[in-house]
Amino acid sequence: MRGSRQHVYPFGRCLSVSVWVRTLRRLSPGILFLSYLCYRLSPLSRQRQDTTTLMADLVELLTNLRQALYQRLVAVESSDGNRFVRTWLWGFIDQLSRLCEDVMAIMAVVAFARLIYVLYHYSINDWKYLLVTRSFQWAQNNLYFVRDALNKQADDMSSRTEEILHKKPNRTLVTTLPIKGRDASEILQELRVHATEEDKRWSSGRISGTVYPDSPEHTQLMNQVYGIYSWSNPLHPGVWPKLNQCEGEVISMACNLMHAPMTKQQKAPAGCITSGGTESILLAIRAHFVYYGKERGIVHPELICGSTAHAAVDKACEIYGIRKVMIDCDDNQTYQLDPVQVKRHITSNTIMIYASAPSYPQGVVDPIPQLSDLALQYDIGFHVDACLGGFILPFCGDSPVFDFRNPGVTSMSADSHKFGYASKGTSIVMYRSKELRHAQYFCYVHWAGGMYSTPTFAGSRPGALSACAWAAMVSIGEEGYRTRAQSIVKAARDIAKGVASIPGLNLMTPQQFMVVCFGSSEMDIYRVQDMMSKQGWTLNSMQFPAGIHICVTLNVVPQVSQFLKDLRLAVEQVRKEGSSGRQKGTAGIYGTVGAVPAGAVEPTLKAFTDMTLTP
């Protein structure tokens, strides 16, 4: 079958050394440990009471080899010329063996220092997570019944995914290229029918976040602008100079909104347009990884963030090999990143602090000024994720100082495709200096195709989206953003007051801007979400701690009263239901997630993701 691969038998048919080494490499820690135990428990080791450490055994082994070789060379009779060669050879071997002993000693000291560092800086939860994760990975790879159970769980998810994704069972699928192309009017008609039906879900104002503008005129403007530059590509800036200017102006407007510094040396703001908040975070962490990590010779970089940090941080740490030092934001019940705990966890390997303005789960703004002071004190980077709040907080009179006015802030991110009301697919990452932005770039001068340089991960990019971001910002203007922000914040705070007045619900967002999160200590909050879903609402599930949130958009603003009315009804229904429904719907799924290691849930998530990529 095309694209299939035959199974490789590393110990049978295939005699490649590389395959043997690759196969045995993952087993090497266990093999070394068993070898050491066998040696320690052997009669030879028990007879040698004077040898107490493996290091001493290795050094003595080298010494014995050196002496044996010397006796062999002395025993050989030869002429004066050969005696000179033997003397020189013996001197070389003697110095080489002593050098090996020195190298082993240095390696032992380094390993011991690393062990002390790990024992001191790793918490009990870190060790627990590592032990549970590694144990589960081993069980998944080596125990067939564990693998079968996970596959069954993934199959169960796959069987429910079509219902979750609202896929019609009788839909017509096109899985191969048609022999003859279809007529343009027929294609447009098919898409219009589906889009009209799908748009009713978000335009009703019953979906958290997702779609942020509410004006048909604004949607028409975005569509027209995209059509004008639909074939443009910023990878070729000389072909579309106006588009290049639009990108620069979007960056400049966003940096100005965040009070990015301007100096005589840096006359233009330092930033970049990306494909979304995740890429902005990935690029910001890459820039700090290079600037504050590699250039300082840090081999094991660390990033400090709160448990409410966006999942893109975990993605970046996995890609770049950074250790994420996570501080539990639930300990202080404020869901903020605690500066005292951050200071306690800063080490010589720390390259940056990551904070949110606000966080996605509870919508809480971290204490940016205090964290900024820590970044300055320890000379490390500090990224503020304002992907949600970048176009809301600057227009709120009671918002905290969250931007570059804090001197320790080195980078920020703000999504223009959320409350910037641009078409989906644009965000802006901003830096305090061009030197830090340069650390984000990828430059390669030895490519056969010529010298190559890109500011983001992508090479070719849809320039039409950059044009849409520019059009959205200049068409709305400062007054338009302020009016929209004020209506959203007012609606969010009206919802928060209503939630606080419902017995059994706990408000988890102390200062509301666009996100309102709430939980309950008296009932299963996920059952409340299920009841809201039956009434047509699509809310977001939170975990650690359990909660649900609504992100207020312009479409949600007119539905505040209806939301509170439906929420009261949902709470009453859950109270009547008691504990009988705890294993149903969302509650059952999240109950399972909270009870098992992350690795056990991954196959289910992968099965779900597979279904989103299946027609």
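Described below are features of the structure shown in this document. Please read these numbers as outputs of a predicted model, since none were measured by experiment.

Here we look at the overall build of the protein
So, point 1. Summing up its helical and strand segments, the protein has 20 helices and 13 strands in all.
So, point 2. Burial status across the protein gives 41% buried among its 615 residues.
So, point 3. Put simply, 70% of the contacts in the protein that link residues at least 6 apart link residues at least 24 apart.
So, point 4. With the model as given, the accessible surface of the protein reaches about 35,200 Å², and the carbon-plus-sulfur share is 59%.

Looking at the sheet that holds strand E4 (residues 350–356)
So, point 1. Spatially, E1-E7-E6-E5-E4-E2-E3 is the arrangement adopted by the 7 strands of the open sheet, whose pairing is mixed. Sheet topology places strand E1 (270–274) and strand E3 (323–327) at the edges, where each strand pairs with a single neighbour. Across the sheet, the mean angle from the axis of one strand to that of its neighbour is 20 degrees, orientation sign disregarded.
So, point 2. Where E1 meets strand E7 (residues 427–431), 5 bridges bridge the pair, whose relative direction is antiparallel. Paired with cysteine 272 across the two strands is valine 429, which belongs to E7.
So, point 3. Set on the sheet, helix H12 (residues 311–320) makes contact with strand E2 (302–306), E3 and E4; between it and E3 the angle comes to about 150 degrees.

A word on the environment of glutamine 512
So, point 1. Along the chain, glutamine 512 falls in the loop between strand E10 (506–507) and strand E11 (515–519).
So, point 2. Linking glutamine 512 and alanine 496, residues 16 residues apart in sequence, is a C-alpha distance of 7.4 Å.
So, point 3. From its side chain, glutamine 512 meets the backbone oxygen of threonine 509 in a polar contact 2.5 Å long.
So, point 4. A polar atom in the side chain of glutamine 512 sits 3.3 Å from the backbone oxygen of proline 510.

Considerations on the sheet that holds strand E13 (residues 547–551)
So, point 1. If you trace the 4 strands from one edge of the open sheet to the other, you get E10-E11-E13-E12, paired in antiparallel fashion. Where the open sheet ends on each side, the last strands, each with one partner, are E10 and strand E12 (540–542).
So, point 2. Here E12 runs beside E13; their pairing, made up of 3 bridges, is antiparallel. Across the sheet, residue asparagine 540 finds its bridge partner in E13, namely histidine 549.
So, point 3. In the packing of helix H16 (residues 463–500) onto the sheet, the strands contacted are E10, E11 and E13, and the crossing angle to E11 comes to about 15 degrees.

Here's the deal with the pattern of salt bridges
So, point 1. Per the stated rule, a full pass over the model turns up 16 salt bridges.
So, point 2. The partner of glutamate 186 in a salt bridge is arginine 182, with the nearest N and O atoms 3.3 Å apart.
So, point 3. Judged by its relative accessible area of 41%, glutamate 186 is partly exposed.
So, point 4. For arginine 527, the salt bridge identified is with glutamate 577, shortest N-O distance 2.8 Å. Of the two residues, arginine 527 sits in helix H17 (residues 525–534) while glutamate 577 sits in helix H18 (residues 560–577), which places them 50 residues apart along the sequence.
So, point 5. Assessed through its relative accessible area of 5%, arginine 527 is described here as buried.
So, point 6. By relative accessible area, which is 17% here, glutamate 577 ends up buried.

A few points about the packing of helix H9 (residues 216–228) against H16
So, point 1. For the pair H9 and H16, the least separation of the axes is 9 Å and the interaxial angle reads 140 degrees. Of the possible angle classes, the one that applies to H9 and H16 is oblique. Crossing of H9 against H16: the hand is right-handed. Residue-level inspection shows His218, Leu221, Met222, Val225 and Tyr226 of H9 in contact with H16, the latter providing Ala464, Leu465, Ala467, Cys468, Ala471, Ala472, Ser475 and Ile476.
So, point 2. Residue composition of the contact of H9 with H16, grouped by class: 11 nonpolar, 2 polar and no charged.

Regarding unusual backbone geometry
Residues other than glycine predominantly adopt negative phi, and peptide bonds predominantly adopt the trans conformation.
So, point 1. Residues alanine 357 and proline 358 are joined by a peptide bond in cis, for which omega reads -5 degrees.
So, point 2. Of note, proline 358 is situated in the loop between E4 and helix H14 (368–378).
So, point 3. Note that the residue after phenylalanine 544, namely proline 545, is joined by a cis bond; omega there is 5 degrees.
So, point 4. In this fold, proline 545 is placed in the loop between E12 and E13.
So, point 5. Of note, the phi angle at tyrosine 421 is positive, near 65 degrees, even though the residue is not glycine.
So, point 6. The topology assignment puts tyrosine 421 in the loop between strand E6 (411–414) and E7.

Thoughts on the packing of aromatic side chains
So, point 1. Taken as a whole and assessed by the stated rule, the structure comprises 10 aromatic pairs.
So, point 2. Taken together, a centroid distance of 4.8 Å and an interplanar angle of 75 degrees make the contact between tyrosine 212 and phenylalanine 419 edge-to-face. Of this pair, tyrosine 212 sits in the loop between helix H8 (184–203) and H9 while phenylalanine 419 sits in the loop between E6 and E7, placing them 207 residues apart in sequence. Per residue, the accessibility class of tyrosine 212 equals that of phenylalanine 419, and both read buried.
So, point 3. Look at phenylalanine 419 and you get buried, because its relative accessible area is 1%.
So, point 4. Three or more aromatic residues joined by ring pairs form one cluster here, namely Tyr212, Phe391, Phe395, Phe419, Tyr421 and Tyr481.
So, point 5. The ring centre of tyrosine 421 lies 5.9 Å from the NZ or CZ of arginine 484, which sits over that ring.
So, point 6. Against the face of phenylalanine 513 rests arginine 493, its NZ or CZ located 5.4 Å from the ring centre.

Things to note about the layout of surface pockets
The gaps left among the atoms become clear once a water-sized probe is rolled over them.
So, point 1. Space inside the second largest pocket adds up to approximately 590 Å³.
So, point 2. The wall of the second largest pocket is formed by 21 residues, among which Trp202, Val211, Thr219, Asn223 and Ser423 lie closest to the centre.
So, point 3. Broken down by secondary-structure element, the contributors of at least two residues to the lining of the second largest pocket are H8 and H9.
So, point 4. A per-class count over the lining of the second largest pocket returns 11 nonpolar, 6 polar and 4 charged.

Rules used in this analysis
- Residues numbered from 1 in each chain as written.
- Predicted model: local features only at pLDDT ≥ 70, side-chain atom pairs only at ≥ 80, totals over all residues.
- Heavy atoms only, no water.
- Helix = DSSP H or I, 4+ residues; strand = E, 2+ residues; numbered from the N terminus.
- Buried < 20%, exposed > 50% of the residue type's maximum accessible area, 1.4 Å probe, protein only.
- Contact = heavy atoms within 4.5 Å.
- Areas by Shrake-Rupley, 256 points an atom, 1.4 Å probe, with all protein chains shown as cover.
- Pairing = 2+ DSSP bridges.
- Axes fitted to C-alpha atoms, helices over the stretch in contact; angles between N-to-C directions.
- Polar contact = N/O pair within 3.5 Å; in protein donor to acceptor, adjacent residues only side chain to side chain.
- Salt bridge = Lys/Arg side-chain N within 4 Å of Asp/Glu carboxyl O.
- Parallel < 35°, antiparallel > 145°, perpendicular 65-115°, else oblique.
- Left-handed = near helix turned anticlockwise from the far one by under 90°.
- Nonpolar A, V, L, I, M, F, W, Y, C, P; charged D, E, K, R; others polar.
- Phe/Tyr/Trp six-rings, centres within 6.5 Å; stacked < 30°, edge-to-face > 60°.
- Lys NZ or Arg CZ within 6 Å of the ring centre and 35° of its normal.
- 1 Å grid on protein atoms, 1.4 Å probe; cavity = no way out; pocket = protein on both sides within 12 Å on 5 of 7 lines; lining within 4 Å.
- Points joined across faces, edges and corners; volume = space filled by probe spheres on them.

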